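Examining the three-dimensional arrangement
One letter stands for each residue in the lines below.
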Amino acid sequence: MSSEDVSIKSVLYILFLCILWYSVSSGNNVISKTILNDFPFPMTLTMIQLLVTTLLSGPLFALWSIRPYINMNRTYYWKLIIPLALGKFFGSLSSHVSLWKVPVSYAHTVKATMPLFVVVLSRFILGEKQSLKVYCSLLPIIIGVSIATVTELSFDYIGLLSALLSTLWFSLQNIYSKKVLFDTGVHHLRLLHILARLALIIFSPFWLMIDLRKILKTTNPLHDSDSFVMCFLLFLNGFLNFIQNVIAFSLLSLVSPLTYSVCNATKRISVITISLLLLRNPVTLFNLFGMLLAILGVLFYNKAKYDANQAKKRVASLPYTKSDSNLLFKYQNSNHVPFIHIPEKTSETRYMGVLLSPHDHQSNHIPKAGPQEI
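Since the model is a prediction, treat every value here as computed from it, not as a measurement.

Rules and cut-offs
- Residues numbered from 1 in each chain as written.
- Predicted model: local features only at pLDDT ≥ 70, side-chain atom pairs only at ≥ 80, totals over all residues.
- Heavy atoms only, no water.
- Helix = DSSP H or I, 4+ residues; strand = E, 2+ residues; numbered from the N terminus.
- Buried < 20%, exposed > 50% of the residue type's maximum accessible area, 1.4 Å probe, protein only.
- Contact = heavy atoms within 4.5 Å.
- pLDDT = per-residue confidence, 0-100.
- Phe/Tyr/Trp six-rings, centres within 6.5 Å; stacked < 30°, edge-to-face > 60°.
- Salt bridge = Lys/Arg side-chain N within 4 Å of Asp/Glu carboxyl O.
- Patch = residues over 30% accessible without salt bridge, like charges linked within 9 Å, V, L, I, M, F, W, Y side chains within 5 Å.
- Areas by Shrake-Rupley, 256 points an atom, 1.4 Å probe, with all protein chains shown as cover.
- Axes fitted to C-alpha atoms, helices over the stretch in contact; angles between N-to-C directions.
- Parallel < 35°, antiparallel > 145°, perpendicular 65-115°, else oblique.
- Left-handed = near helix turned anticlockwise from the far one by under 90°.
- Nonpolar A, V, L, I, M, F, W, Y, C, P; charged D, E, K, R; others polar.
- Expected span 1.5 Å × (residues − 1).
- Bend = angle between axes of the 7 residues up to and from the residue.
- Polar contact = N/O pair within 3.5 Å; in protein donor to acceptor, adjacent residues only side chain to side chain.
- Core = buried A, V, L, I, M, F, W, Y, C linked by side-chain atoms within 4.5 Å.

A look at the overall build of the protein
In terms of regular secondary structure, the protein is built from 11 helices and four strands. Looking at the protein as a whole, 47% of its 374 residues are labelled buried. Taking contacts inside the protein between residues at least 6 apart in sequence as the whole, the part at least 24 apart equals 82%.

Some points on the confidence of the model for the protein
Put simply, the protein has an average pLDDT of 80, and 81% of its residues get 70 or more. Mean pLDDT across the secondary structure elements of the protein bottoms out at strand S1 (residues 329–331), with 39, and peaks at helix H4 (residues 104–111), with 92. For the stretch residues 321–370, pLDDT sits under 50, and the model shows 82 contacts to residues farther than four places along the chain or on other chains.

Digging into the packing of aromatic side chains
A full pass over the atoms with the stated rule returns 10 aromatic pairs. Measuring from ring centre to ring centre gives 6.0 Å for tryptophan 21 and tyrosine 22, while their planes differ by 35 degrees; the resulting arrangement is tilted. Just as tryptophan 21 is buried, tyrosine 22 falls in that class too. An aromatic cluster of three or more residues is present, and its members are Phe89, Phe90, Trp169, Phe203 and Phe206.

Focus on the pattern of salt bridges
With the rule as written, the count across this model stands at four salt bridges. For glutamate 128, the salt bridge goes to lysine 305, with nearest N and O atoms at 2.9 Å. Here glutamate 128, found in the loop between helix H5 (114–126) and helix H6 (132–151), pairs with lysine 305, found in helix H11 (residues 285–317); they are 177 residues apart in sequence, far enough to count as distant. When its relative accessible area of 24% is taken as the criterion, glutamate 128 is described as partly exposed. One salt bridge connects lysine 179 with aspartate 183, and the closest N-O pair in it is separated by 3.2 Å. Here lysine 179 pairs with aspartate 183, and both are found in helix H7 (residues 157–184), just four residues apart, close to one helical turn.

Some remarks on a nonpolar patch on the surface
On the surface, Ile8, Leu12, Leu15 and Ile19 cluster together into a nonpolar patch covering about 380 Å² of accessible area. Mapped onto the secondary structure, isoleucine 19 falls in helix H1 (residues 3–38). Owing to a relative accessible area of 49%, isoleucine 19 belongs among the partly exposed residues under this scheme.

Describing the packing of H5 against H7
Packing of H5 against H7 leaves a shortest axis separation of 9 Å and a crossing angle of 50 degrees. By the angle between their axes, H5 is oblique relative to H7. Crossing geometry of H5 relative to H7 is assigned as right-handed. The residues of H7 that touch H5, namely those facing Met114, Phe117, Val118, Leu121, Ser122, Ile125 and Leu126, are Leu164, Thr167, Leu168, Phe170, Ser171, Leu172, Asn174, Ile175 and Tyr176. For the contact of H5 with H7, the per-class residue count stands at 12 nonpolar, four polar and no charged.

Overview of helix H3 (residues 74–101)
Residues that lie three or four places apart on an α-helix share one face, since the helix turns once every 3.6 residues. Here H3 is 28 residues long and its end C-alpha atoms lie 39 Å apart, about the 40 Å a rise of 1.5 Å per residue gives. Isoleucine 81 marks where H3 bends most, by close to 25 degrees; the proline proline 83 follows one to four residues later. The opening residue of H3 is asparagine 73, an N-cap whose side-chain oxygen sits 3.2 Å from the backbone nitrogen of threonine 75.

Here's the deal with the packing of H5 against H6
Put simply, H5 and H6 touch, their axes get as near as 9 Å, and they point 140 degrees apart. Comparing their axes, H6 and H5 come out oblique. Each of Pro115, Leu116, Val119 and Arg123 in H5 lies in contact with H6, whose residues at this interface are Val134, Tyr135, Leu138, Ile141 and Ile142. Grouping the constituent residues of the contact of H5 with H6 by class yields eight nonpolar, no polar and one charged.

Quick word on the environment of serine 225
With respect to the helices and strands, serine 225 occurs in the loop between helix H8 (188–217) and helix H9 (227–252). Its relative accessible area of 23% is what places serine 225 among the partly exposed residues. The spacing of serine 225 and isoleucine 35 is 190 residues in sequence and 9.8 Å in space, taken between C-alpha atoms. Look past the residues within four positions of serine 225 in its chain and what remains in contact with it is Asp38 and Met230.

Things to note about the side chain of asparagine 281
When you line up the elements, asparagine 281 lands in the loop between helix H10 (257–279) and H11. Side chain to side chain, asparagine 281 and serine 105 meet in a polar contact 3.4 Å long. If sequence neighbours within four positions are ignored, asparagine 281 has contacts with Pro103, Ser105, Ser275 and Leu276.

Notes on the nonpolar core
One finds Trp21, Ile35, Phe39, Leu251 and Tyr260 to be the most contacted residues of the largest nonpolar core, which totals 57 residues. It is H9 that contributes the most residues to this core, 11 residues altogether. In this structure leucine 251 touches Ile14, Leu17, Cys18, Trp21, Tyr260 and Cys263, once residues within four positions along its chain are discounted. Grouped together as the second largest cluster of nonpolar side chains are 14 residues, Met72, Leu84, Ala85 and Val180 included.

Structural notes on the environment of valine 110
Here valine 110 shows up in helix H4. Look at valine 110 and you get buried, because its relative accessible area is 0%. The sequence separation of valine 110 and leucine 161 amounts to 51 residues, and the corresponding C-alpha distance is 9.4 Å. Once residues within four sequence positions are removed from consideration, valine 110 is found in contact with Val145, Leu160, Ala163, Leu164 and Thr167.

Written out as structure tokens, the structure reads:
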């Protein structure tokens, strides 16, 4: 088989994953909104998603031979893993509250502000400065979300604040989960399983005291909906949520971060469009314009961020030359942390400039990014 045939097959496979991702994500959001209209218990919906992810990921990851255990000391576990699990729960919960209170289209428009949160948090947490082009690319996002908010016919303050909180939580999770992947070499899907299981264990008592008590005290918790149909929708929602996470991370392992970001922005357009067609919530032309402007702003941000990263790499590599016969110090990342270059013929693997030992990774499973809001 020629290299051209392999390339075509790879492109078709990536295109198939994108279409499947868009379909599953759109369906999952529509089902979530349908459930919450008749069963207004967002914490229960969150707990079911965590339960399904925990139950399905174990057997599936064993089938894929993903390493089940990663060595972490207790201090590191409490300092990073536990907070990440808390962030996953609160991010999912606030996301479901926003879907409960406002239309799917508006909730996802507000979530387009994630680049703004990432830039601000990276500045204060990591001390990372951005280029002027990156800062300017945030303006269309801010203006678009503002227009969509002013013109939203079903506006609700709780829905707006919940969508913003969800975006904040997932932005923090992105920053710190990448650090965990970098520090430990754990597979990104295994980290998803660890966080879902921890969040489920930690918040089960709160669910029993809050949501379950409300459900038992409510005379008609299903709002006259068929109980069997509702149970099926709840399981289907959890299953689709798990599948969309697996597809997203599979796609992320195949394409560049810029391509993934563009695909993610396009997915948001798909979710908004399909939700408008299926749920038929009323919108105005100005509202649609605000949504479109916000999404386009995300695309501009991704391109500006990519250009800035490429410029940093070019500047960092100027004083150095690559040699296959000598061991040279070379700068790999924006923090200018040196590592010793090993010739390409070696079987050792590096991730972000760090030499990974055989037990730190599996072939074809080097982590590329952390769990995101998908």
